[in-house]
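Inside the fold
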Amino acid sequence: MKKYDVIIVGAGVSGLIAANYLAKNNKKILVIEKEKQIGNKLCAGGLTYKAVAFLKNAPFISKIDLKKIITSKSNTYSIKYRQKEVVSGKSDYPYYFTHRSILDNILLKKAIENNIEIIFDNKVLEIKNNRIIKTPKGSFRAERIICARGVSEFFKNNIKNGDFYFTMQTEFSLKEFDKNTPTNFIYGYVSRGYGWIFPTGKKVVVGIGSRDVYEVKKAFYKMCKDLKLNILNKTIKGAWIPCFEKKEIIKGKIIYVGDSLAATSPIFGEGIYNAFLSGKIAAEIILKNKENNKYKKEIKKHILNKNKFEMLIIYIFYKLLKIFKHKLLYFFMTKLGREIFLIAHGKISYLKLFLSGRFFLRLLR
Ligand SMILES: Cc1cc2nc3c(=O)[nH]c(=O)nc-3n(C[C@H](O)[C@H](O)[C@H](O)COP(=O)(O)OP(=O)(O)OC[C@H]3O[C@@H](n4cnc5c(N)ncnc54)[C@H](O)[C@@H]3O)c2cc1C
């Protein structure tokens, strides 16, 4: 049986970031990916300032790679309640966009340059005794395993309505849109989520997600109809985003990262940055040979505690939105819009917002 220092299950963004950090430090790495090729993950491709800063500082990404990864950037935004625009404007920091086919393949190319091995078209069926990976193409052994298989981590378990965002998304060519289309966030079609129109470069992606699985399909068609988006001949895809507090962060020799950790931000639905961050933290824990508790601590500090707080905010926010509708959005965005964007981009933290008194000052303004 072939032996490796680390086996990574899944060649998505979290797995590939971990692979790059580990391979740069001369670890013997095997990545196992169930698909024949990568980059087909359903995603809107939105990158916040902090996600781009992460890539900028990653030792394996050059300026040229970054230019290729970022397919567009948008400084303007529009917040809608159904068809009605509630607020719009220019944000301090732009939203950047990428296409996953580009981002994932650049990360993979860099990891291969650093001598990782990868096997495509090979689904991990079982992880035995914390160390042995069983696949149709054979069994492999590793000192540590990084579980980066995204949301499919959860499919064998029961999916409880409310624990996942169910999303639907389609794509338009830029020609079908005004070329100055802002980054749109659309509320009011689903009770526990939002819709989006993202200008990602050559494409404009339109989607919606809700933690109430049953309302998404109807809401998606209604939103497109109201916004006069003709989706008659479009391919519409659906996918899940985990959004609950996962108890298993690390188990014996197995470390969970990205969506396998349910690390996506409950408010913004942003998963790429936390996938990057958890992949990097996992690699550092392995490289420094730190005990499991250290990983738990780091992940809680940098990701999960914030997500827990966001879960509480969205619980209250969507309850109030049901009652006050566009008026609540207007109130929030005119008072706190700037701060919400700054938080999304990682320029201020919730803690700083409260401790500095800025939150209360803005509300009283
Ligand atoms: C519609 C939609 C829009 C989104 N938009 C955004 C956005 O704009 N910005 C943002 O930041 N985030 C967004 N997200 C979230 C983001 O896509 C995820 O959080 C991110 O992809 C998680 O990365 P990951 O590496 O954990 O998992 P993934 O990217 O899902 O990668 C997992 C990989 O594991 C492979 N795999 C699965 N099972 C196995 C197995 N048994 N054996 C081997 N391989 C396996 C899969 O094929 C896949 O390649 C969106 C998600 C959805 C669904």
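Rules behind the numbers
- Residues numbered from 1 in each chain as written.
- Predicted model: local features only at pLDDT ≥ 70, side-chain atom pairs only at ≥ 80, totals over all residues.
- Near = placed C-beta within 6 Å.
- Helix = DSSP H or I, 4+ residues; strand = E, 2+ residues; numbered from the N terminus.
- Nonpolar A, V, L, I, M, F, W, Y, C, P; charged D, E, K, R; others polar.
- Domains from an automatic or database assignment.
- Axes fitted to C-alpha atoms, helices over the stretch in contact; angles between N-to-C directions.
- Parallel < 35°, antiparallel > 145°, perpendicular 65-115°, else oblique.
- Left-handed = near helix turned anticlockwise from the far one by under 90°.
- Contact = placed C-beta atoms within 7 Å.
- Pairing = 2+ DSSP bridges.
- Core = buried A, V, L, I, M, F, W, Y, C linked by C-beta atoms within 7 Å.
- Buried ≥ 20, exposed ≤ 12 C-beta atoms within 10 Å, placed from the backbone.
- Right-handed = clockwise from strand over helix to strand, strands pointing away.

**With respect to the site of the ligand**
Around the ligand lies a shell of 39 residues, among which Gly 10, Gly 12, Gly 150, Gly 258 and Gly 271 are the nearest. Secondary-structure elements contributing two or more residues to the shell around the ligand are helix 1 (13-24), strand 10 (164-173), strand 14 (237-242) and helix 6 (272-287). Counted by class, the shell around the ligand contains 15 nonpolar, 16 polar and eight charged residues. The residues that make up the shell around the ligand include at least three from each of domain 1 (1-72 + 93-159 + 246-365) and domain 2 (164-242).

**A word on the packing of helix 1 against helix 4 (residues 100-113)**
The N-to-C vectors of helix 1 and helix 4 enclose an angle of 25 degrees; their axes lie 9 Å apart at closest approach. Between helix 1 and helix 4, the interaxial angle falls into the category roughly parallel. As for the relative orientation of helix 1 and helix 4, their crossing is left-handed in sense. Contact residues: Val 13, Leu 16, Ile 17, Ala 19, Asn 20 and Ala 23 in helix 1; Leu 103, Asp 104, Leu 107, Leu 108, Lys 110 and Ala 111 in helix 4. Looking at side-chain class alone, the contact of helix 1 with helix 4 contains nine nonpolar, one polar and two charged residues.

**What to know about the sheet that holds strand 10**
Taken together, the eight strands give an open sheet; going across it, the order is 3-5-4-11-12-13-10-14, and neighbouring strands pair in mixed fashion. Each edge of the open sheet carries a strand with a single partner, namely strand 3 (46-47) and strand 14. For strand 10 and strand 14, the ladder comprises six bridges, and the chain directions are antiparallel. Looking at strand 14, one finds that Met 168 is bridged to Gly 238. Along the sheet face, helix 5 (residues 216-226) touches strand 10, strand 11 (183-187), strand 12 (193-199) and strand 13 (203-210) and points at about 140 degrees away from the line of strand 13. Sheet contacts for helix 7 (residues 292-344): strand 4 (72-81), strand 5 (84-97) and strand 11; angle to strand 5, the most-contacted strand, approximately 30 degrees.

**Digging into the domain arrangement of the chain**
Considered domain by domain, the chain is made up of domain 1 (1-72 + 93-159 + 246-365) and domain 2 (164-242). Using only C-alpha atoms to locate each centre, domain 1 and domain 2 end up separated by 22 Å. Contacts between the two partners involve 22 residues from domain 1 and, on the opposite side, 21 residues from domain 2. Only strand 5 and helix 7 provide two or more residues apiece to the side of domain 1 that touches domain 2. Element by element, the count of residues in the side of domain 1 that touches domain 2 is highest for helix 7, at five residues. Tallied by class, the residues present in the side of domain 1 that touches domain 2 amount to eleven nonpolar, eight polar and three charged.

**Some remarks on the nonpolar core**
Taken as a class, soluble globular proteins show a tendency for nonpolar side chains to be buried jointly. Core analysis: the largest hydrophobic core is formed by 95 residues, its most contacted members being Ile 7, Ile 8, Ala 18, Ala 19, Ile 29, Ile 146 and Ala 282. In terms of residue count, helix 6 provides more of this core than any other element does, ten residues in total.

**Some words on the pairing of strand 1 (residues 2-9)**
As judged from the seven bridges shared by strand 1 and strand 9 (residues 138-147), these two strands associate in the parallel manner. Of the residues in strand 9, the one forming a bridge with Val 9 is Cys 147. Bridging between strand 1 and strand 2 (residues 29-32) involves four bridges; their strand directions are parallel. Bridging across to strand 2, Val 6 finds its partner in Ile 29. Handedness of the crossover is the feature at issue here: the chain leaves strand 1, passes through helix 1, returns alongside strand 2, and the resulting connection is right-handed.

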